[in-house]
Amino acid sequence: MRVVILESAKQVSQRSAKHICQVVEEIPSMTLGLATGGTPVGTYREMIEYYRQGQVSFAQVTTFNLDEYVGLPRNHAQSYYTFMHQQLFEHADFEQSRCHLPDGEAEDLSAACEAYERAIDEAGGIDLQLLGIGTDGHIAFNEPSSSLASRTRVKALTRQTREDNARFFDAPAEEVPKLAITMGVGTICEATEILLLATGKGKANAVRDLIEGPVTAQVPASALQLHPHVTVMLDEPAASRLARRDYYLHVEALQLELEA
Ligand code: F6R
């Protein structure tokens, strides 16, 4: 696991967007796994900037989002469908038919989950998966106690997650949907490469448990310790509870020297 500690959230956005755009440049028809939430918004802004400056095209990229609320209409202001269109897709040359999100309105939700897994397979799997992390250690909406082998399915959100996400709904936690379709931990871990971003002091405990804690279903993000190609990009506050912070900084400095 590569741990990159940067001074600010802005640097996390810049560095992550640069990496994603480099991969797209190398493999224009790559498959990109995307996340919602507050953390990747700055990354998406930077990706749009690369596109506007003519440095990257997403026209051949296929995308799969991690999750979607169950029961929210697609065009609801807080659906992840709306979020992705507003924050990224409509500002660059993404081909709509290749941008996938789970169908939270499906009559048969388990069939929709199976279809999502099939679509990922048919696209040849995910080349690069972008992730955030919940304050309770979730990735996508795999809440604590999720099987580390889980596949795309419906999950009940924890009280903590609904409280954390109430800020987007501008409403009390009770109004945040109780269920979501989410890629499983097993699905996520099949991506060739994973890039997890975390910023802010509120993520410091989850980040410590992800990187330095035991691998446990109580912290679904800890499953990433078993993946061969993971980069965790953090700002200083998110890295503030890491016991080996100085070592990670030392290793990263050596890595950058090697890459120069
Ligand atoms: C979103 C997702 C979630 C978020 C996590 C952090 O698609 O899968 O796991 O990444 O809840 O959210 P923010 O970035 O809002 O703190």
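Residues numbered from 1 in each chain as written. Predicted model: local features only at pLDDT ≥ 70, side-chain atom pairs only at ≥ 80, totals over all residues. Heavy atoms only, no water.

### Quick look at the site of the ligand
Taken together, the neighbourhood of the ligand is formed by 16 residues, with Thr39, Asp67, His138, Ala140 and Lys203 sitting nearest. Within the side chain of Thr39, a nitrogen or oxygen atom sits 2.4 Å from an oxygen atom of the ligand. Measuring from an oxygen atom of the ligand, one finds a side-chain N or O atom of His138 at 2.7 Å. Protein burial of the ligand: of its 410 Å² of free accessible surface, 94% is covered by the chains. Taken together, the residues that form the shell around the ligand break down as six nonpolar, seven polar and three charged. (Near = heavy atom within 4 Å. Polar contact = N/O pair within 3.5 Å; in protein donor to acceptor, adjacent residues only side chain to side chain. Areas by Shrake-Rupley, 256 points an atom, 1.4 Å probe, with all protein chains shown as cover. Nonpolar A, V, L, I, M, F, W, Y, C, P; charged D, E, K, R; others polar.)

### A word on the nonpolar core
With 41 residues, the main nonpolar core has Met47, Phe58 and Leu88 as its most contacted residues. When residues of this core are traced back to their parent elements, those giving at least two are strand E1 (2–6), helix H1 (9–26), strand E2 (31–34), helix H2 (41–52), helix H3 (80–87), strand E6 (128–131), helix H5 (159–169) and strand E9 (193–198). In this structure Leu88 touches Leu34, Tyr44, Met47, Ile48, Phe83 and Phe94, once residues within four positions along its chain are discounted. Grouped together as the second largest cluster of nonpolar side chains are 33 residues, Ile5, Leu66, Ile126 and Ala198 included. (Core = buried A, V, L, I, M, F, W, Y, C linked by side-chain atoms within 4.5 Å. Buried < 20%, exposed > 50% of the residue type's maximum accessible area, 1.4 Å probe, protein only. Helix = DSSP H or I, 4+ residues; strand = E, 2+ residues; numbered from the N terminus. Contact = heavy atoms within 4.5 Å.)

### Section: the packing of H2 against H3
Where H2 contacts H3, the axes come no closer than 10 Å and their chain directions differ by 40 degrees. Relative to H3, the element H2 is oriented oblique. On H3, the residues touching Val41, Tyr44 and Ile48 of H2 are Phe83, Met84 and Gln87. Looking at the contact of H2 with H3 residue by residue, the classes come out as five nonpolar, one polar and no charged. (Axes fitted to C-alpha atoms, helices over the stretch in contact; angles between N-to-C directions. Parallel < 35°, antiparallel > 145°, perpendicular 65-115°, else oblique.)

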